[in-house]
Amino acid sequence: MLNKNNAKSPILSNKEDLKLRIDNINKIFMTNPKEYLELIKFQSKFYRYSPRNTKLIYSQNPKAAFIASFKRWMDLGYTVLKGEKGIKILVPIMSKFIQLENGDVIKYSSATKEQQKLANSGQIPIIMKQNFKVGNVFDIMQTNCPKSDYPKFLIGYPSIEHEKLYQAVKMYAEEKLHCPINEENFNSLSYRGNYNIENHSIKYNSVLDSTQKLSTTIHEISHSILHAGISIGTDKIIEQVELEADSLSLMMHEQLGIEPTPAMQHHLLSQYSCLKESKYADKIIESLDFVTNKYHEIANDFAESINKYIQQQNTIQQSLDVQTQSNLEQENVNEILNMDMNIEM
């Protein structure tokens, strides 16, 4: 992993430092497949941050688990510990400019009072441009947040059975993506399933156990999210398509708290290596950013669907438990009544 010793991180003080850091990170991911794999896992925790800010966070603290600004931690009821150094990221800001009559564009703050007056009255145009400044964020381990509160901030469903998670993922695919999922006998023990681009549907092998079915379904759902309607071989080569699906699938596994299997990680690394050795090696970073942006788009819906299904199942289970308890109590009453009748006789 990048920079395992956080104390040795170079000081990042301005935008140019951060942009240079991002360029260097991209070069490392282009040459080191294991770093690519670690970043994919890492990015699943920070889908609210842009791809480049996630890379910056990872390069400065690869063990970070939940990130927030100093003010955000205070709003949450916690404080950043004294002496902790912030993780540098790029924060978007809007800057005001004025377009002069000769076409020149200057900062509003640099304009004369007369030019500002003309701009405020609408006589010359005001232009808003997005810019970036360096900001600081802090990991949960840099705060006084007690361990008992960690579960509120960390994602995952480690105690949920894989069959239940599969049903939750299936509901997400069918309700949110309108992508039906069905099992089929492929007459093979090794073939796991597929996503059909033409009719936007998924099939998995009927011989799979719950864990294999869940993992396969997530991989094929990743194809449906990323590759619906594309032409493989024309729009993207197969290695790039598989690398992207593996990457998004790994993020979704991490979000669910499911340990990715060695076979799954091996497949991702093999697709990475194949793409790297091809003439499309420059597509690796493009694919990484494409997948990360897509994950940002779907992560909330995905989490909401999983939570919805689990809550429904918990409600059903609670009703069953109440009914079971009621039945047991009735059986006890009947048994007592039978005993009384026997005594009287």
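Model, not experiment: these values are computed from the prediction. (Residues numbered from 1 in each chain as written. Predicted model: local features only at pLDDT ≥ 70, side-chain atom pairs only at ≥ 80, totals over all residues. Heavy atoms only, no water.)

1. Observations regarding the sheet that holds strand β7 (residues 201-205)
By definition, the strands of a sheet pair up through backbone hydrogen bonds, in either a parallel or an antiparallel sense.
Argument step 1. Spatially, β5-β7-β6 is the arrangement adopted by the three strands of the open sheet, whose pairing is mixed. Pairing within the sheet leaves two strands with one partner each, and these edge strands are β5 (181-184) and β6 (193-196). Strand-to-strand twist across the sheet, computed as the mean angle between neighbouring axes with direction ignored, equals 20 degrees.
Argument step 2. By the bridge criterion, four bridges tie β6 to β7 in an arrangement that is antiparallel. (Pairing = 2+ DSSP bridges. Helix = DSSP H or I, 4+ residues; strand = E, 2+ residues; numbered from the N terminus. Axes fitted to C-alpha atoms, helices over the stretch in contact; angles between N-to-C directions.)

2. Digging into the packing of aromatic side chains
Argument step 1. Summed over the entire model, instances satisfying the criterion amount to 13 aromatic pairs.
Argument step 2. Judged by centre distance (5.8 Å) and plane angle (65 degrees), the ring pair of W73 and F153 falls under edge-to-face. With W73 in helix α4 (residues 70-75) and F153 in the loop between β4 (126-139) and α6 (162-176), the pair connects residues that are 80 residues apart, well separated along the chain. Of the two residues examined, W73 and F153, each falls in the buried class.
Argument step 3. Summarising the aromatic geometry, the rings of Y166 and Y204 are spaced 5.7 Å apart at their centres and angled 75 degrees between planes, so their arrangement reads as edge-to-face. Taken together, the residues span a long stretch of sequence, with Y166 in helix α6 and Y204 in strand β7 at a distance of 38 residues. (Phe/Tyr/Trp six-rings, centres within 6.5 Å; stacked < 30°, edge-to-face > 60°. Buried < 20%, exposed > 50% of the residue type's maximum accessible area, 1.4 Å probe, protein only.)

3. Description of the confidence of the model for the chain
The predicted coordinates ought not to be read in detail in places where the model reports low pLDDT.
Argument step 1. When pLDDT is averaged along the chain, the result is 85, and 87% of the positions lie at 70 or above.
Argument step 2. Across residues 1-11, confidence stays below pLDDT 50; counting only partners more than four residues off in sequence or on other chains, it has 22 contacts. (pLDDT = per-residue confidence, 0-100. Contact = heavy atoms within 4.5 Å.)

4. Quick word on unusual backbone geometry
Argument step 1. Its identity is not glycine, yet H178 carries a phi of approximately 55 degrees, on the positive side.
Argument step 2. Of note, H200 is a non-glycine position whose phi angle comes to about 50 degrees, a positive value.
Argument step 3. Within the element layout of this structure, H200 appears in the loop between β6 and β7.

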